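Architecture and fold: a report
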Number of protein chains: 4
Amino acid sequence: MAIPQTNFNPPFNITRASHLVLGAQDLAASRDFYTEVVGLIVADENANTLWLRGVEERQHHSLTLKKTTGEPQAECIGMHVFEEEDLDKAKSHFDRNGVPAKFIEVPHQGRTLRYTDVMGTPVELVATMKSQPRNHVAVNHHKGARALRFDHYQVLVPDVIAATKFYTDLGFRISDYLVVEGTDITVGIFLHKKDNPWDLVFLHRQGPQFHHVGYVVESMFDLIRGLDCAGNVGFAECIEHGPGRHGHGHAYYCYIRDPDGHRTELLLPAIQITDRYDEPVMCPLEANTVGNRWGFPPPKSWFEEAAHFTGAKIVHPPHEGDPLTLEKYLATKSWRRGPSTLRKSA
Amino acid sequence: MAIPQTNFNPPFNITRASHLVLGAQDLAASRDFYTEVVGLIVADENANTLWLRGVEERQHHSLTLKKTTGEPQAECIGMHVFEEEDLDKAKSHFDRNGVPAKFIEVPHQGRTLRYTDVMGTPVELVATMKSQPRNHVAVNHHKGARALRFDHYQVLVPDVIAATKFYTDLGFRISDYLVVEGTDITVGIFLHKKDNPWDLVFLHRQGPQFHHVGYVVESMFDLIRGLDCAGNVGFAECIEHGPGRHGHGHAYYCYIRDPDGHRTELLLPAIQITDRYDEPVMCPLEANTVGNRWGFPPPKSWFEEAAHFTGAKIVHPPHEGDPLTLEKYLATKSWRRGPSTLRKSA
Amino acid sequence: MAIPQTNFNPPFNITRASHLVLGAQDLAASRDFYTEVVGLIVADENANTLWLRGVEERQHHSLTLKKTTGEPQAECIGMHVFEEEDLDKAKSHFDRNGVPAKFIEVPHQGRTLRYTDVMGTPVELVATMKSQPRNHVAVNHHKGARALRFDHYQVLVPDVIAATKFYTDLGFRISDYLVVEGTDITVGIFLHKKDNPWDLVFLHRQGPQFHHVGYVVESMFDLIRGLDCAGNVGFAECIEHGPGRHGHGHAYYCYIRDPDGHRTELLLPAIQITDRYDEPVMCPLEANTVGNRWGFPPPKSWFEEAAHFTGAKIVHPPHEGDPLTLEKYLATKSWRRGPSTLRKSA
Amino acid sequence: MAIPQTNFNPPFNITRASHLVLGAQDLAASRDFYTEVVGLIVADENANTLWLRGVEERQHHSLTLKKTTGEPQAECIGMHVFEEEDLDKAKSHFDRNGVPAKFIEVPHQGRTLRYTDVMGTPVELVATMKSQPRNHVAVNHHKGARALRFDHYQVLVPDVIAATKFYTDLGFRISDYLVVEGTDITVGIFLHKKDNPWDLVFLHRQGPQFHHVGYVVESMFDLIRGLDCAGNVGFAECIEHGPGRHGHGHAYYCYIRDPDGHRTELLLPAIQITDRYDEPVMCPLEANTVGNRWGFPPPKSWFEEAAHFTGAKIVHPPHEGDPLTLEKYLATKSWRRGPSTLRKSA
């Protein structure tokens, strides 16, 4: 099935993925994780809420954690629009198209429009937040991986084509997409508005579910410093997958899990995509192969564990995938290699 | 059981672990692996033998690969003594103590004394090799991980105390040793002569068997470049474990397997140990815990696969260990964390 | 004097600074410099022209070198517009406003509109170039600093406000600007269209002159590898300034000079700027202070040497500046320090 | 004139350069510099003395700063011997040879023998210091460049051959030496006992004077973090030279000056030297050339400024050198290059 086409004259101007609201059972534990390991800055906090941002960010917060006694869920994902009037255009557009949308009050944010997208994912749009000085040169105050800025989130959905069409209609472009080799079944689509390949990623699975948030770190050394700090403050086992290098997109990454199991990807700065002639790249997904450029596939937990979105009903896709997990890979792996591709191609 | 004491007036002067001879079924495949991934330089080669060294090394070779049609084994490990007369002192010492030892001819090496140690491991001693210019600044000619120099080897033995005593009597010092927590059972001992913690490592398992050779790389950047190159030349799946950081010793590392399954550790420069008051450090090994500072334990293959030494008889220890493999770890792992140790200790 | 305001509804859509055409007396020498030190890929070449691009770029070329027997000049700077019709809109806009502009034929480029801006700088606009596969993962083929992509150029002009107004009218935003402390004299303005702080930088000096082109490298290690390679191929003295860290913008950088004296800045990935509420930042320029966060000011050559643009008449500003050069700094520097600011502020 | 030969059976066993005592006018300022920029740990302190060590060191201190109201001098350099009896052997040796030597009491140190070497430099020998746990994995507590360990010191002397002979007689080996090209005049000698090229460096100039102390940092990333921290706490101008890469020895380095002007070299881990057949390398010093592999020569201050040793009389050499300073280099430099050596050699 063909991937949707981008509408380059969208009804309003979303500029980027920008923030996220997650539930947390123990705010003190989460605070330690995000400040000591990820290296986020506490923007504000009270007994029930913790607001965090990356060291480079001027926006007041990019991650909001809300105290919960139940299952820790994702309350919503959030995006920036370019200016105030885009919020009104968005409201009109959603009203015209039967998309539930209403303005709500959110602390430290300007006018905020909350809508529910075609998959049932709750989303927030804002044009402004309280502006803060960037803090990225205050190296002597930085902790952990010194995460610079919010980059993207990945959402599991039972129909990646339908989910994608909702956003290409709003002007999102596709950088890469994953197709099961020998078929026309698309199982992953990477969408962006800003000048790198990712703002919003859809993966084929029951959903909508929140899979992970990506924060950009400055270098491999910062990523590793984050892991060292994890080890030093009792989060040694937070690492789920990596360090590694992605097969498509090619970013260096590591996936870590917070005290509630929410997943963060630390990734290095990505390539730049701006030109219209920079067309979507199709990445074939061979059965039983590792998607990474080196190292291991992710463990089963990476494929199967994700947070429900508050109020969203989980829908199962007609066909569940059968990904090559680390567990399966290890069970069948042989360490006796053949010759290198240098010889094969010679 | 107490660890052996170092004899600081040894009968002759071994200066460091320095080289290794391994069997290989396909020299062309091995050549690609060690030059394109590890980044070694080809010192010499003919139809049946390949001599390699690190980019910093002045010694002619630190790794010799010999063509074999059978099971790829380890022919011997090798060490440097300080000067020629140390070889004669060594021969006398071994003769006096009933250690089989004889002088042999080895291409590109000075006088070479081959002996069999108390565990049955074949070992070579040399005082000189053909001297070469260092090549570590020729960055534009370097490949892969640009491995700088031979660092150490790890040998599996059924009795780590007896194996260690053989070498502490020859002047080796112990940097760290692993003791099963709550017992006096020592299951790993790290020995060194040069100014860092490792020349020779013994691990408790059936043996003698060759487990891995360690090469020092300059930085994490070089280690990762090696993995990128592995991916690019068809050795993507050579990575067995890592990148990670050791729990004891604390070196950053990655384990990779060559086309015959021989294991190489790429590791970053280690700490310096020179002072006599720098006493051996005991590292308790808790049951079912991960020995690393962050990330995963090694897979089962790391614990169980190793090369036989040519001509050596495998002896089983009275008790085999039951290490926490990656496979077991994944099967029981929960991603819901408690608070950080910052909170626990507060 | 107030800095110009951005026109957020520009007559056509420029997306980014994208390329450059420079003169070179010895194409072979330049080829060595840009491939072995900067790490660019040769896109195409003939006896009189060399086309180069960064390892990440899909555009055919970002740097064109043309054989010259005279003084090596800059032929033009180049920008991408979003789509073909933007070129027609640009032509109409320029015609309406008396800006000289005409379509020209350029190898490997789509339709190309050449215009002369208010300062006399020749500029090219293109919507398309021949598209190439990205090459950034082919690490084993990369050389030197492995420059990823074209980032920006700096142009010296006698009137930074007038130069800036021309481009803010076309939709460029200002990230930072330099004001002589205690005055309202603006001496440097940093403009951008893409999501980082720089596409086009104007510095107060006689002009228009081409000062430097900036290429993004992946990490500090790539930058340093470029310098190591420079040393190894006979360009050891190409370094003019750095490695250092900028005071404004905060990028890590190094300035190097090609065989004709043309200046390249190698810089690490910069911060992200997308939000409308991310307002221009005023950076006061104190007399006789170093603009860097650490290290030395640039030498006199950095301030005074630049290439003429072909056909452009040099205009002198009413007041030349008197920057703190490395030469002056060294002549007056004392190495006896006072206390740290930690103490001063305590 | 030939360089001295190493006595491989020295009268006692020095193992390495290990510590240093410097005067400081403002201990609080120095404390900030060494903890926030260099990243040393405070081992102990009182109103008049500050003891510091690197994060990896088990020895109690490697740098002692003593409050002074006069000119900040160097009180002595210090070395470790292998065991207590080496101190007695040293005393006898010095007594036999007319070298002034006496045992003194030094806080936090075992028995300490203070002697004055042939150039008049005061030197301390110790076998033990209070032993401390290594701290190099406590990354979350590290500051600045996270200096790992003391490496070497450089001493200016009017007769490098005589100074060297004193130490080769004590078992020091020569790694490299600098000879004025076309002559047999040796102007610099690099000596070591431990397994890397440096413990003690002599440079031809009036002396004895203390030129710099070298601390090893883990990676270029740490070196640069130190410089960033310098900028953040008011020591932006502490950098005297670098980052750069040495021409001989090839270490990456940066020279910084403390609040009293004392010079520290931050350097990356060096090559390993252990083998007897690893002979001294002669490095010819061409007139008016830069000794570095890339970048600039050091400024005049680096060549001319150094601290007097307490009580030592300065002796001038018969001929002062005329080194190529940064100032001279900049005055004559041309940025128009010829072809690369690739072409020259082709």
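Residues numbered from 1 in each chain as written. Chains lettered and ligands numbered in written order. Predicted model: local features only at pLDDT ≥ 70, side-chain atom pairs only at ≥ 80, totals over all residues. Heavy atoms only, no water.

**Considering the overall build of chain A**
Looking only at helices and strands, chain A features 7 helices and 19 strands. With respect to the principal axes defined by its C-alpha atoms, chain A has extents near 60 × 50 × 40 Å. Evaluated residue by residue, chain A yields a buried proportion of 65% over its 346 residues. In the structure as shown, chain A presents an accessible area of about 11800 Å², 51% of it carried by carbon and sulfur atoms. Across chain A, the 36 positively charged side chains and the 43 negatively charged ones have centroids separated by 3 Å. (Helix = DSSP H or I, 4+ residues; strand = E, 2+ residues; numbered from the N terminus. Buried < 20%, exposed > 50% of the residue type's maximum accessible area, 1.4 Å probe, protein only. Areas by Shrake-Rupley, 256 points an atom, 1.4 Å probe, with all protein chains shown as cover. Lys, Arg positive; Asp, Glu negative; His and termini not counted. Charge placed at Lys NZ, Arg CZ, Asp CG, Glu CD.)

**Section: the relation of the copies chain B and chain A**
Here chain B sits on chain A after a turn of 180° about the axis and a move of 0.0 Å along it, with an RMSD of 0.0 Å. Expressed as an axis order, the relation between the two copies is that of a two-fold axis. In this assembly, 98% of the residues forming the interface of chain B have copies in chain A that are likewise at the interface, indicating an isologous arrangement. (Least-squares fit on C-alpha atoms with pLDDT ≥ 70 in both. Contact = heavy atoms within 4.5 Å.)

**Some remarks on the interface of chain B and chain C**
If you look at the interface, chain B gives 11 residues, while chain C gives 12 residues. Between chain B and chain C, the buried area comes to about 1000 Å², and carbon and sulfur atoms account for 57% of it. Summed over the shared surface of chain B and chain C, the number is 0 salt bridges. Looking at the side of chain B that touches chain C, its residues break down into 6 nonpolar, 3 polar and 2 charged. (Buried area = accessible area lost by both parts, 1.4 Å probe. Salt bridge = Lys/Arg side-chain N within 4 Å of Asp/Glu carboxyl O. Nonpolar A, V, L, I, M, F, W, Y, C, P; charged D, E, K, R; others polar.)

**Observations regarding the environment of B:Thr186**
Residues and elements named next belong to chain B. For Thr 186, the location among the structural elements is in strand β11 (residues 186-192). On the basis of relative accessible area, Thr 186 is assigned to the buried category, the value being 8%. Measuring from C-alpha to C-alpha, the distance between Thr 186 and Asp 159 comes to 9.2 Å, with 27 residues separating the pair along the chain.

**Section: the sheet that holds strand β6 (residues 101-104) of chain D**
All names here are of chain D. With mixed pairing, 8 strands are arranged side by side in an open sheet as β2-β3-β4-β1-β5-β8-β7-β6. Looking at which strands have only one partner, the edges of the open sheet turn out to be β2 (41-45) and β6. For this sheet the average axis-to-axis angle between neighbouring strands, irrespective of direction, equals 25°. Sheet topology note: the strand β3 (residues 49-53)/strand β4 (residues 63-67) ladder contains 4 bridges and is antiparallel. If you follow Thr 49 over to β4, its bridge partner there is Lys 66. Docked against the sheet, helix α2 (residues 84-96) engages β5 (74-81), β6, β7 (112-116) and β8 (122-126), running at close to 145° with respect to β6. (Pairing = 2+ DSSP bridges. Axes fitted to C-alpha atoms, helices over the stretch in contact; angles between N-to-C directions.)

**Examining the pairing of β8(D)**
All names here are of chain D. Here β8 lies mainly inside the structure; 5 of its 5 residues are buried. Burial along β8 is two-sided: Pro 122, Glu 124 and Val 126 and Val 123 and Leu 125, pointing in opposite directions, are all buried. The loop that links β7 with its antiparallel partner β8 comprises 5 residues; one of these, Gly 120, has a positive phi angle of about 95°.

**Overview of the packing of helix α4 (residues 220-232) of chain A against helix α4 (residues 220-232) of chain B**
Where α4(A) contacts α4(B), the two axes come as close as 10 Å, and the packing angle between them is 105°. As the angle between them shows, α4(A) and α4(B) are arranged roughly perpendicular. Of the residues in α4(B), those touching α4(A) at A:Met220, A:Phe221 and A:Ile224 are B:Met220, B:Phe221 and B:Ile224. Its residues assigned to classes, the contact of α4(A) with α4(B) comprises 6 nonpolar, no polar and no charged. (Parallel < 35°, antiparallel > 145°, perpendicular 65-115°, else oblique.)

**Side note on the relation of the copies chain B and chain C**
In the superposition of chain B on chain C (RMSD 0.0 Å, axial shift 0.0 Å), the rotation amounts to 180°. Same-surface contact between copies: 100% of interface residues of chain B are shared with the interface of chain C.

**Digging into the interface of chain B and chain A**
Taken together, the contact between chain B and chain A spans 56 residues of the former and 55 residues of the latter. Interface area for chain B against chain A, summed over the two sides, is near 4600 Å², with a carbon-plus-sulfur share of 57%. Among the ionic pairs, B:Asp228 bridges to A:Arg245, the shortest N-O distance being 3.0 Å. Taken together, the links from chain B to chain A amount to 10 residue pairs in polar contact (both at pLDDT 80 or more). Of all elements in the fold, only α1 (27-38), α4, β14 (239-246), β15 (252-257), β18 (292-294), α6 (326-332) and α7 (341-345) of chain B reach the threshold of two or more residues within the side of chain B that touches chain A. By residue number, the principal contributor to the side of chain B that touches chain A is α4(B), which donates 7 residues. (Polar contact = N/O pair within 3.5 Å; in protein donor to acceptor, adjacent residues only side chain to side chain.)

**Some points on the environment of B:Val42**
All names here are of chain B. On the secondary structure map, Val 42 appears in strand β2 (residues 41-45). C-alpha separation for the pair Val 42 and Leu 52, spaced 10 residues apart in sequence, amounts to 4.6 Å. Contact partners of Val 42, with chain neighbours within four places excluded, come to Arg 31, Thr 35, Leu 50, Trp 51 and Leu 52.

**Some points on the pairing of strand β15 (residues 252-257) of chain D**
All names here are of chain D. By the criterion of burial, β15 is predominantly enclosed, with 6 of the 6 residues buried. A two-sided burial pattern is seen for β15, the buried positions comprising Tyr 252, Cys 254 and Ile 256 on one face and Tyr 253, Tyr 255 and Arg 257 on the other. Examined bridge by bridge, strand β14 (residues 239-246) and β15 share 4 bridges and lie antiparallel to one another. Paired with Gly 244 across the bridge in β15 is Tyr 253. Strand direction decides the pairing type here: β15 and strand β16 (residues 263-267), joined by 5 bridges, are antiparallel. By the bridge assignment, Tyr 255 is partnered in β16 with Glu 265. Hairpin geometry of β15 and β16 is characterised by an intervening segment of 5 residues between the two adjacent antiparallel strands and by a positive phi of about 90° at Gly 261.

**Structural notes on the pattern of salt bridges**
Tallied over the entire structure, the rule returns 104 salt bridges over all chains. Taking the shortest distance from any N to any O, the salt bridge between B:Glu84 and B:Arg111 comes out at 3.1 Å. One end of the pair, B:Glu84, is in helix α2 (residues 84-96); the other, B:Arg111, is in the loop between β6 (101-104) and β7 (112-116), with 27 residues separating them in the sequence. The class of B:Glu84 is partly exposed, set by a relative accessible area of 32%. The partly exposed category is assigned to B:Arg111, whose relative accessible area is 34%. Close ionic contact of C:Glu85 with C:Lys89 constitutes a salt bridge, the shortest N to O distance being 3.7 Å. In this pair, C:Glu85 and C:Lys89 both sit in helix α2 (residues 84-96), 4 residues apart, roughly one turn of the helix. Judged by relative accessible area, C:Glu85 falls into the partly exposed class, the value being 45%. Using a relative accessible area of 37% as the deciding quantity, one classes C:Lys89 as partly exposed.

**Concerning the state of the cysteines**
All names here are of chain A. In total, this model carries 0 disulfides over all chains according to the counting rule given. The thiol of Cys 238 is unpaired, and the distance to the nearest cysteine sulfur, on Cys 254, comes to 7.6 Å. We classify Cys 238 as buried; its relative accessible area is 0%. (Disulfide = S-S within 2.5 Å.)

**Quick look at the side chain of D:Ser62**
Residues and elements named next belong to chain D. Within the secondary structure, Ser 62 is located in the loop between β3 and β4. Judged by relative accessible area, Ser 62 falls into the buried class, the value being 0%. Looking at Ser 62, its side chain comes within polar contact range of the side chain of Glu 57, at 2.8 Å. A distance of 2.7 Å separates polar atoms of two side chains, one belonging to Ser 62 and the other to Tyr 215. Excluding residues that lie within four positions of it along the chain, Ser 62 makes contacts with Ser 18, His 19, Leu 20, Leu 52, Arg 53, Gly 54, Glu 57, Phe 150 and Tyr 215.

**With respect to α1(B)**
Residue and element names in this part refer to chain B. Counting buried positions along α1 yields 10 of 12 residues, so the element is predominantly enclosed. The residue sitting at the N-terminus of α1 and contributing the capping side-chain oxygen is Asp 26; that oxygen lies 3.1 Å from the backbone nitrogen of Ala 28. Gly 39, located one to two residues past α1, shows a positive phi value of around 90°.

**A closer look at the environment of D:Glu75**
Residue and element names in this part refer to chain D. Along the chain, Glu 75 falls in strand β5. With relative accessibility at 21%, the residue Glu 75 sits in the partly exposed group. In this structure the C-alpha to C-alpha distance between Glu 75 and Gly 110, which are 35 residues apart in sequence, comes to 18 Å. Once residues within four sequence positions are removed from consideration, Glu 75 is found in contact with Val 21, Lys 66, Arg 114, Pro 122 and Thr 310. A polar contact of 3.1 Å, which involves the side chain of Glu 75, links it to the side chain of Lys 66.

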